[in-house]
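# Per-entry structural report
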Amino acid sequence: MATRYIYKRDASRLFIALSEQGKKFKIYLPQDAYPIINNEEKEITILEHKYDNFCFLWNGKKYFTHIKSKDQNKYRVIVNGVEFFFSIESISSYLRRRMLEESSDSKKTVSIQAPIPGKITNIFVAEGDLVNEGEPLFNLEAMKMQNEITSPITGIVKSIHVKVGDNVIKEQLILELSNINE
Amino acid sequence: MEAKKILIANRGEIALRIIRTIKKLGHVAVVFRSNRDKDAPYLEEADEIIDANESLQDKVIFLDADKIVELAKTHNIDMIHPGYGFLSENPDFARKCIEAGLIFIGPHPDHIYQMGIKTIAKEIAEKVGLPLVPGSKGVVKTIDEAKKIARKIGYPLLLKAAGGGGGRGMRVVENADQLERYFNAATLEALNAFGNGDLFIEKYIENPKHIEVQILGDQHGNVVHLWERECSLQRKHQKLLEEAPSPSLTDRKRSSLGKLAVKFAKALGYYSTGTIEFIMDEKKNLYFMEMNTRLQVEHPVTEEITGLDLVEWQIRIALGEKLPFKQKDIPLNGWAIECRINAEDPQNRFSPETGFIESIRFPYHPQLRIESGVTDGTYISTNFDSMLAKLIVHEKNRKKAIESMLKVLEETRITGIKTLVPFFKVVLSHPDFVKGTYTTHWIENVFQHEMLIRPEDEMIAALAASIAYAMEYLPIAGENIHIQQDNINFWVLNKRLR
Amino acid sequence: MFFDKLLERKKWLEEKEKTAIQKQHVKGKFTARERLHILFDEGTFFEIGTFVEPIQTEFSSKQGDFGDGVITGRGLIHGKSVFAFAQDFTVLGGSLGEAHGMKIARIQEMALQLGAPIIGLIDSGGARIQEGIRSLAAYARIFRNNVRSSGIIPQISVIMGPAAGGAVYSPALTDFIFMVNKTSYMFLTGPDVIKEVLNEEISMEDLGGGPVHTSKSGVAHFLYDDEENALLGVRKLLSYLPPNNFDPLPVSKNVEFYENHQEFLNKIIPDDPNKGYDVKDIINIIVDKDSFFEVQPNYAQNLVVGFARLNGKPIGIVANQPKVLAGVLDIKASHKGARFVRFCDAFNIPLLILEDVPGFLPGVDQEYNGIIREGAKLLYAFCEASVPKVTVILRKSYGGAYIVMSSKNTGGDFNFAWPTAEIAVMGPEGAVKIVHKKELTSAENPEQLKAQLIEKYKREIATPFKGEALGLIDEVIMPSETRRVLITAFEILQNKQISLPKRKHGNIPL
C-alpha cells in the first residue's frame, strides 16, 4: 500500500526531478497507487517515514534514504551513503528553465573577491582546476579567525591573482572562475 | 599471575580493543579522559579513568609523554600500552616509561629508535641478506651524490625522508631536470615535518603492491612470523583496506618471505610485535622497505587467520613469558579482509567529514568482527583522525570473504555523516580487486567518484526528493494552519474602541 | 440584450487569456491570471473591477481593453482573506495608467479597511507615458496607501517582471519583496539611461536582477528560481503572519521537533573560541521541525534573521552567524536586523535572539559609512520593540554588541546564557593586554603569564555566572534544555503589554 501524498497545487502531481548533470526523472505520484517514474509504474512502497528519512521497499530490497538538506525546491538526498542532488520542478518550471537556458548569455567569468581584509593563509586550487559549487577555494585569516571561502559555482579556475601570505583588502580580486554551462 | 594495572595511552577503537584483552586476562584497564574527547565510548568500558584536564594551549594528553608518565606514577600503574599512532613509535616515550619503573608494552626503545630511522633499518636489512630496492646506501647529503646515484639506478626515482613517513618529504623525480629542485623541496618539507631533513633515494617502483609480514618475538630470543598482509589499497599513503594473506604470493613465496622476516627480527634481537614492510614490483620482486615497531591498525586480519590475540601476546611478552609455540604451530586458516570505515566523503575527493553521527548500525553476521570507537551521537571533529570503525570479515576463502564483506557493507547504515562504506562496495566489486591485481595507485588512477552512483539508488533519491517536496507543500496548501479564534474578532474590537 | 453582452464578455476574457498565455510563456513567465490561480486557494479568487476601462486620451490605447492591465481582487490563502493585484504585462506592457492605478489603490483601501494582507504581483514597464501626469498621480496615491497601511496589514510585493522607475517605490515601501531569478528586475534608472548619461554598459540582470537585490543591495528579501515556487514562498510566509496588527498569530497544529538532536546542542560549540560554526544548525534543532524560514539569506550573512515556530507558535529569530565574518555586526547586518525587528514588533511577533558576537566590525570603511548610525538603528529597534524578547547568549558577547543584542537593561524580558557564554566589555586577549599591561611588560615569561591571566579572566570576569549573580542573566541553562526553557518563557510572556506616553513617533536614526 502506497502512502497517500496529496498535492493540491494545480491538481498536478507530476514532477520532474532534475540532477546537476541535467539527468531527469519524470515522477508522477498518484493517490493510493504506485508511483510512475519515467512512464513506468514502479512497485515501490514506503515502509518507514521518520523526520526526513524514508525507507522504501522495491523488488524485495530495502533502500534507506535521508534528506541531507533542502532549500526551496532543491534537495540533497543520501541513499545508501551516496549523495544525490535534485531540484524538483513542475512541468512549467522545467520548461521555463529550458527556455531561459537557451536564450541566456550567462556570465562567463565569475570574480571571487575578498569579503573582508585579511591574509591569504592557504590556496586550495590551481589554475585549470575544476571546482564544484561549495568546494573550498582559499583560506583568509581575519579577526583571528580562519575564513574558508568556497566556490559559488561549478567551474574552472581561470586565473589566481594572489599567493599564500599576501595581505589583501576588502573586495580585492582573489581569483576568477569560468562558468561552465550545465 | 596477579592482576596488573595497565594504562592505555590511546583512544577510540584501539583503546576499546585493548581494554577487551586486558579484561580477558584478568588485569585492570585504565584509560585517560581527554578534554577534547570527553564523551568517548571507550571510557565506559574502562575499569578506571584518569582525567587529563588539558587546557586549550596544552598538547592533547596522548601526545604528552611527560604528563602521561607523571600521571601513571601517581596512579600506581604497572604497565603502559601505547596503542598505535600518537607516541607508540617514540623511543623517548618508551625510555621515560621504563625509567619511571613502568613496563612498556612494546619493543626495546633502542629498536624503536633504530627502526624509526629508515636508513639504519635498511643497513641492517642488507646485512641480513634481505633484498632492497636499488638506491642510495644511507642518507644522501648533497645534490652531487644524488646525481651520481641517479645515474646508477636510473629514472624514475623516489626521494624519501629518513626521519618519517606518511608521504611527507617524498618526491617522485621523473628526469634529471627535476632532481635538484625536488631534492631541495623534499629536504625542506622533511625538516619541517620531522625535524630531520635527511633524504635517501630509491628506484621508483611504478605499480607497487604493499605486502607486510607480522612477526612476534619474546624476550628469550624466540621469533615466529604470523604470515603476511597485503595493504595495497591506499590513498596518499594511508591504508584503507587490508587482507590476510596476500593474493599476490604463492605458498612457497609466502614461507620464504616469512622466514626472511624472522631472520631480520632475530638479527636485531627484537621482541614484542613488529611488522616488516615490503614492496613488490610488477615482476613480483619483493624488496624490504621498513619495519614498524607498533601494533598496527590492521592487526585483526592476522589475528583472524592465526587465531592468536596479538594484544594478549604483547602483554605476556612484556611480562617476560616465553612463546609456547613454534613456527610450525602457526596455522593459516581461511582469509580475512578489513575495511577502515573513515568519516571521509568519497564523492568529494575523500575530504574529511565533521558533524554528529545520528545513527550507526552494523548488521549481524557470524563471520563479522567490528572494532568501533563511536556510537550514536558521537561528534566527529578535526581533533582526531577520521576512522570511525573497522569491519573485519573472516571466511574460508577469499571469494567468500569478498562476498560476505559486500553483504555486510550493503546492510550497514550510518546517518549524519558520509563515510567510505559506498566506496568499499565499489572496490570489492571491481575486477582489479577480485583478481587481486590492484596496486597502491589504484585509487588515484582507476577510481572515479562516478563509480559510486548506482542507477537504482539515483532513481530512489529522485523519488524521495519528490515525495518530500510534495509533502512539504501539504501544510502550505492549507492543511495544518488554523487560527485560534476567540469569540470577538480583534480587528472589529479595535475599531469599536477608537 | 444585455445578457448577450455578458456572454460576449466571458468569451472575450477567455480569448484574451489565451493570447496572454502564449506571449508570457514564451518568456518563461506566467500570465497574471495564472499567477493568481497559483497564489490563492483553489477556486477562491474573486475579481474586483474586471471591466474598468482605461481613460481615453489623445494617445489612447485600443478600445475595449477592459481591466487596464491589472487584475485585482480577493481570495483565500490558508483559508484566510487576502487581497492581491497582479499586473498584466501583455496589456500595454503592464504600464500604470489612471484606471490601472485606481484599481490598485481601491484594493489597497479595501484591504486596510478589512484588516487583510495585500500582495502585489509586479510585472510592469512603469508609468504609462500616454497618460502623462495622471499616471504619476495614480502612483502617488498607491504609495500613500502603502504608507498608511504600513504596520497595520502585512504588505508583500512579488517582482515577476520589470519594475522600473517610479514603479519600484511601492515594493520598496512594502514589508517583504520576493524576486524571481532571471525574469525580474528592479532599478530606478535603467541600463539605457545609464549608458546615455554615464556611458557605462550594464545588462538589466546585472543592474537590478534577483541576485543583485538579494545579495548586494539587500533591497529584496527572497529569491526563487521560478514563479511557482516564488508564489508558494509567499503562501509560506503568510503562514507565520497575522492578517493584521490586532488579530492573533496563526498557530500550527504540527509541533514535531528533532527530539534526538537536543543532546547535540551540548557539544555543538567548538572548544576553540576562534572556530566558527553554523548557527542555523542550532536554530533547526531548537525550533519546530522545518519551521525555520530565513529572510534575506544572501545579504549580510553574518546576521541570520527569519521566522520559525516554537510549539506551533510563530516567532522571529535574530541570530549572529559565527561562520561568516566571525559573527560581527556591521552596517549591513545592523539595518537588516533593525528592519526585521521592527516588522516583528509591528505585528506582535515575539523575538528570539541568539547571540555569539565578538563586537562591531572595525574599519575605516565602516566608520566613514556610518556604522555608528547603523548600529544605533539596531539598538533603537530592540529597545523600542514591545513584543516578548528572549535572548540566549551562546558564546561571545562583548562590549557594545552585548548591549545592542537585546540585553536585559535594554528591555530584554528573559536573558539566558549557555555555559559556553563569555560576557564582557571586551575579549580576554584584549582585556588582559590593557588591564595587566604593567605586569606583562615586566614579567619574565610574558606568554605564560598572559595565558594564566586569560584563564582567570574567563573564569571570574567573563563567566556567565557573574551575570547571573547580578540578575542581568536570568539563568545559565544546559544547551539541551534550551527548547523547553524557551517554550515556557514565551508562554509566560504571552500577554505582555507596555504603555508609554503618547507621541507621534520616535526619531530612529535613519
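Calculation criteria
Residues numbered from 1 in each chain as written. Chains lettered and ligands numbered in written order. Predicted model: local features only at pLDDT ≥ 70, side-chain atom pairs only at ≥ 80, totals over all residues. Helix = DSSP H or I, 4+ residues; strand = E, 2+ residues; numbered from the N terminus. Buried ≥ 20, exposed ≤ 12 C-beta atoms within 10 Å, placed from the backbone. Rg over C-alpha atoms; globule rule 2.2 N^0.38 Å. Pairing = 2+ DSSP bridges. Domains from an automatic or database assignment. Contact = placed C-beta atoms within 7 Å. Nonpolar A, V, L, I, M, F, W, Y, C, P; charged D, E, K, R; others polar. pLDDT = per-residue confidence, 0-100. Arc of directions from axis to C-beta. Expected span 1.5 Å × (residues − 1). Axes fitted to C-alpha atoms, helices over the stretch in contact; angles between N-to-C directions. Parallel < 35°, antiparallel > 145°, perpendicular 65-115°, else oblique. Core = buried A, V, L, I, M, F, W, Y, C linked by C-beta atoms within 7 Å. Left-handed = near helix turned anticlockwise from the far one by under 90°.

### Some details on the overall build of chain A
Broken down by element type, chain A carries one helix and 17 strands. Buried residues in chain A amount to 29% of all 182 residues.

### Regarding the overall build of chain C
Of the regular secondary structure elements, chain C holds 19 helices and 17 strands. For chain C, whose C-alpha radius of gyration is 26 Å, the value lies close to the compact-globule estimate of 24 Å for 510 residues. Taken along its principal axes, the extent of the C-alpha atoms in chain C is 100 × 55 × 45 Å. For chain C, the proportion of its 510 residues judged to be buried stands at 50%.

### Details of the pairing of strand E17 (residues 173-179) of chain A
Residues and elements named next belong to chain A. Pairing analysis gives five bridges linking strand E10 (residues 109-113) to E17, with the strands arranged antiparallel. Within E17, the position partnered with Thr109 by the bridge is Ser178. Of the strand pairs in this sheet, strand E15 (residues 155-160) and E17 are connected by five bridges, and their pairing is antiparallel. Opposite Ile160, over in E17, you have Leu175 as the bridge partner.

### A closer look at the domain arrangement of chain C
Annotation of chain C at the domain level lists domain 1 (2-238), domain 2 (259-425 + 463-492) and domain 3 (428-461). Here domain 1 of chain C and domain 3 of chain C have C-alpha centroids that lie 62 Å from each other.

### Some remarks on unusual backbone geometry
Residues and elements named next belong to chain B. A cis amide bond links Tyr155 with the next residue in sequence, Pro156, at an omega value of 0°. For the peptide bond that leads from Ala244 to Pro245, omega is -5°, which places it in the cis range. Along the chain, Pro245 falls in the loop between strand E11 (238-244) and helix H9 (251-268). Of note, Arg349 is a non-glycine position whose phi angle comes to about 55°, a positive value. Counting through the fold element by element, Arg349 comes out in the loop between strand E15 (344-345) and strand E16 (351-352). The class of Arg349 is exposed, set by 11 C-beta atoms lying within 10 Å. Phi at Phe350 is positive, roughly 60°, even though this residue is not glycine. With respect to the element layout, Phe350 can be found in the loop between E15 and E16.

### Some details on the interface of chain A and chain B
Facing 34 residues of chain A, the contacting portion of chain B comprises 28 residues. Every element with two or more residues in the side of chain A that touches chain B is listed here: strand E1 (14-19), strand E2 (24-28), strand E6 (53-58), strand E7 (61-71), strand E8 (74-79) and strand E9 (82-89) of chain A. Examining the composition of the side of chain A that touches chain B, we find that six residues originate from one element, E7(A), more than from any other. Here the residues of the side of chain A that touches chain B sort into 23 nonpolar, five polar and six charged.

### Here's the deal with the interface of chain A and chain C
In this assembly, 17 residues from chain A lie in contact with 16 residues from chain C. The dominant element in the side of chain A that touches chain C, judged by the number of residues it contributes, is helix H1 (residues 91-103) of chain A, at five residues. Class assignment for the residues of the side of chain A that touches chain C results in six nonpolar, five polar and six charged.

### Focus on the sheet that holds strand E5 (residues 103-104) of chain B
All names here are of chain B. Ordered in space as E3-E2-E1-E4-E5, the five strands form an open sheet in which the pairing is parallel. Two strands close off the open sheet at either side, each with one partner strand: strand E3 (48-51) and E5. Bridging between strand E1 (residues 5-8) and strand E2 (residues 28-33) involves four bridges; their strand directions are parallel. From the neighbouring strand, Ile8 faces E2, where its bridge partner is Val31.

### What to know about the sheet that holds strand E12 (residues 130-131) of chain A
Within the open sheet, the four strands sit side by side as E10-E17-E15-E12 (chain A). Their pairing is antiparallel. Of all strands in the sheet, those bounded by a partner on one side alone are E10 and E12 of chain A.

### Quick word on the confidence of the model for chain A
All names here are of chain A. Overall, the predicted model of chain A reaches an average pLDDT of 79, with 87% of residues at or above 70. No element of chain A has a lower mean pLDDT than H1, at 74, and none a higher one than E8, at 93. For residues 1-11, every residue scores under 50 in pLDDT, and the model assigns this stretch 25 contacts once sequence neighbours within four places are set aside.

### Details of the environment of Ser351(B)
Residue and element names in this part refer to chain B. In this structure, Ser351 sits in strand E16. Along the sequence, Ser351 and Tyr182 sit 169 residues apart, while their C-alpha atoms lie 27 Å from each other. Apart from the residues within four sequence positions on either side, Ser351 is in contact with Glu344 and Asp345.

### Points about helix H19 (residues 482-492) of chain C
All names here are of chain C. Of all the residues in H19, the buried ones are Thr482, Arg483, Leu486, Ala489 and Phe490. Taken end-on, H19 shows its buried residues confined to a sector of 125°, consistent with a single buried face. Away from the buried face of H19 by more than 90 degrees, exposed residues Thr488 and Glu491 are located. The inward-facing, buried residues of H19 abut helix H10 (279-286), strand E11 (303-310), strand E12 (313-320), strand E13 (351-357), strand E14 (389-398) and strand E15 (414-417).

### Some words on the pairing of strand E8 (residues 199-203) of chain B
All names here are of chain B. Of all five residues in E8, five are buried, a share of seventy percent or more. Going residue by residue along E8, you find Leu199, Ile201 and Lys203 tucked away on one face and Phe200 and Glu202 tucked away on the opposite face as well. Note that strand E6 (residues 157-161) and E8 share five bridges and pair antiparallel. Bridging from a neighbouring strand, Leu158 pairs with Glu202 of E8.

### Remarks on helix H1 (residues 12-24) of chain B
A rise of 1.5 Å per residue sets the reference length of H1(B), with its 13 residues, at 18 Å; its end C-alpha atoms lie 19 Å apart and thus fit the reference within 8%. Of the residues flanking the end of H1(B), it is Gly26(B), one or two places downstream, whose phi is positive at about 85°.

### As for the packing of helix H4 (residues 91-99) of chain B against helix H5 (residues 109-116) of chain B
All names here are of chain B. Closest axis-to-axis distance for the H4/H5 pair is 8 Å, and the angle between their directions is 175°. Judged by the angle between their axes, H4 and H5 are roughly antiparallel. Between H4 and H5, the contacting residues are Pro91, Ala94, Arg95 and Ile98 on the first element and Pro109, Ile112, Tyr113 and Gly116 on the second. Classifying every residue of the contact of H4 with H5 by side-chain character gives six nonpolar, one polar and one charged.

### A look at the environment of Lys18(C)
Looking at where Lys18(C) falls in the secondary structure, it is placed in helix H1 (residues 2-25). Spatially, the C-alpha atoms of Lys18(C) and Phe46(C) are 20 Å apart, while their sequence positions differ by 28 residues.

### Some thoughts on the nonpolar core
Residues Ile80(B), Ala84(C), Val158(C), Ile159(C), Phe178(C) and Val234(C) are the most contacted members of the largest nonpolar core, which totals 256 residues. A per-element tally of this core places H9(B) first, with seven residues. Once you skip the residues sitting within four places of it in the chain, Ile159(C) turns out to touch Ile122(C), Pro171(C), Ile177(C), Phe178(C), Met179(C), Val180(C), Ser184(C) and Met186(C).

### As for the packing of helix H11 (residues 331-346) of chain C against helix H13 (residues 371-384) of chain C
Relative placement of two packed helices is described by the angle separating their axes and the distance separating the axes. Residues and elements named next belong to chain C. Between H11 and H13, whose axes approach to 8 Å, the crossing angle comes to 20°. In terms of axis orientation, H11 runs roughly parallel to H13. In this structure, H11 meets H13 at a crossing whose hand is left-handed. When H11 is examined against H13, the residues Ile331, Ser334, His335, Gly337, Ala338, Val341, Arg342 and Asp345 are found in contact with a partner set consisting of Ile371, Glu374, Gly375, Lys377, Leu378, Ala381, Phe382 and Glu384.

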